[in-house]
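Structural overview
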Amino acid sequence: MSWSPYRAERYLDYPAVEAWCRQLAQEFPAWVRLEEVGRTREERAIWLLQIGGQQAQTDEGPSLWLDAGTHASEWTGISAALYTVSRWIERLRDGDETLARWLAHQRILVMPCISPDGYQALHEGAPYLRSSLRPPKEGESRVGLEPSDLDKDGVVRWMRWKHPAGPFVIDPTLPMWMRHRTLDDDPEDAFFFCSEGHFLNWDGVCWSAAPLRHGIDLNRNFPGHWMPTSMFGMDAGSYALSEQESRAVVDTFARFPSICGGLTFHTYTGCILTQPYRQDSPLKEDDIRLMEELAKDATQGTDYRVIRVYPDFMYDPKRPTTGVWSDTMTVIFGVPGYTVEFWDPFKEAGIDLAQPAAFFRQPEPEKLRPVIEHFSQDPQAVRPWDPFDHPQLGPVEIGGIDYMRTIRNPPEALLQRECDRGYRMAERLRKALPQIHLETRLHSEGELKHLQVILENRGFLPTSALQRGEDIGASPGVSVRLQMPESARSLRSPLEQSLHHLDGWGQSRVNEARHQLYASLPARGQRDLAEWWLYGTGEITVHWIAGRAGRGQMKISI
């Protein structure tokens, strides 16, 4: 079977994702390399796509990182990663010379699905789970309702049954919806309302929820400010990188010192999340502002918001968000790392959430009902309440929305629109990477030759990606080295010279030049030079390293 572009017409399960990636690499070997970088508990491969010409794949220039599927239920991210890769490959196939020149010396690294076990389980009808299939901790007793697809329709929906102690009643104007019970409601109209499922180790009396079977949140298991934590019944793992999937991500990322920026795809809010992640952020203010400015540029052409995690995307304002992958990219590696939250079901229903993260913890019922009403108009998204003979409870009703294709992810008819936004952001971030221009000047003065090697950065980002990368030594340095023939010598100057990191033009938005009325030149700037006085004859090789912007060489004759 030959490779076909992915148009985001439908969600793919993991075998289909793997097959698509293999076919892509087989059909475009000059541009695509597929590598297995890890294995899951269930022995599924975690794949990395390297997109770039053969020179780019030997670490010639800067790289862009893109990943998805940290959270198994966030299918849109996997689709957006494949769609974005597909758009780039189609452009190469159709002769886009500008992109081909860029990829000849630069590279895009794509990890399309970080949690394949959980992703595939959900495609096979498993109830909602956050990330991987890490089993319950040894000795942990699980008692209570466990969500499951009782009626075998392929979707875990809602379940309700009448009881005078129930905390919900039917909304008479929207029978699909269950509203909170009030003191004025008749007890005879009361219901218990929960996920469709069955009771584990049930005593025949108590109606309570069981702890999650798979409670790990991989996006709390990364090194950035990791600490033991629990939220919404999920934990951060036993220690940072305790999970096979998160370790594979970090180990792979660390292999490529040329990575200058990264996007990790998630759902849902319709935004891009940026620094800081905490009040006491280790980042300097210039880095925080530079990342925010770049995020604003990246979201051009979409209607996505740019949101600082602190203080505007906090689930609990008293608890900092820890162990997050995008924060790890930035504070551990010194790279601008962003979380893209695709899809806003509330906006789709005409509801604006000013504080979306806070809303998850303290929802407003008057903003929930319109969302259900909106999706109830799509017969493919909902199923009316139907009687069901529960093996433990007796008569109940099962019905409601398909959560995975309405709230957590868009209906398939809207999937391409969301994926296109991801492609636009990735494309704009690609254009923001540092771009190194090398110039040599050679002048003769008698028997001596004066050689100047000038490195210049013409990109938005600096050669360290962020100042953080330079401050903590996470970025390679900047240097120029001469490789001399025996017939030539350098007068006094060492053959290898260290230079300063080169600013990017984007820093003019946050440094001394940010005020156009008082515009000025930066303290350091986008250029630096190394120079030598040489004598003799022969061919010299100039080797240069420009931090995360890559490395290269050129030959000159004296």
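Preceding this section is the structure that the text describes.
Residues numbered from 1 in each chain as written. Predicted model: local features only at pLDDT ≥ 70, side-chain atom pairs only at ≥ 80, totals over all residues. Heavy atoms only, no water.

Most of helix H4 (residues 116-123) sits out of view: 7 of its 8 residues are buried. Turning to H4, its buried residues are Pro116, Asp117, Gly118, Tyr119, Gln120, Ala121 and Leu122. Packed against the buried residues of H4 are helix H1 (14-27), strand E2 (45-51), helix H2 (75-93) and helix H5 (244-254). Of the residues flanking the end of H4, it is glycine 125, one or two places downstream, whose phi is positive at about 100 degrees. (Buried < 20%, exposed > 50% of the residue type's maximum accessible area, 1.4 Å probe, protein only. Helix = DSSP H or I, 4+ residues; strand = E, 2+ residues; numbered from the N terminus. Contact = heavy atoms within 4.5 Å.)

In this section: the sheet that holds strand E19 (residues 436-445). On the basis of which strands lie adjacent, the open sheet formed by 4 strands has the order E19-E20-E24-E22 and antiparallel pairing. Two strands close off the open sheet at either side, each with one partner strand: E19 and strand E22 (488-490). Here the average twist between neighbouring strands, direction ignored, is 30 degrees. With 10 bridges joining them, E19 and strand E20 (residues 448-457) adopt antiparallel strand pairing. Residue pairing for E20: arginine 441 is matched across the bridge by glutamine 452. (Pairing = 2+ DSSP bridges. Axes fitted to C-alpha atoms, helices over the stretch in contact; angles between N-to-C directions.)

All told, the structure shown has 49 salt bridges when counted by the stated rule. For aspartate 171, the salt bridge identified is with arginine 369, shortest N-O distance 2.7 Å. Of the two residues, aspartate 171 sits in the loop between strand E7 (168-170) and strand E8 (178-180) while arginine 369 sits in helix H11 (residues 365-376), which places them 198 residues apart along the sequence. With a shortest N-O distance of 2.9 Å, arginine 417 and glutamate 348 are connected by a salt bridge. Of this pair, arginine 417 sits in helix H12 (residues 412-431) while glutamate 348 sits in helix H9 (residues 345-348), and the two are 69 residues apart along the sequence. Judged by relative accessible area, which is 34%, arginine 417 ranks as partly exposed. Using a relative accessible area of 26% as the deciding quantity, one classes glutamate 348 as partly exposed. (Salt bridge = Lys/Arg side-chain N within 4 Å of Asp/Glu carboxyl O.)

Geometric descriptors of this kind do not, in isolation, establish any biological role.
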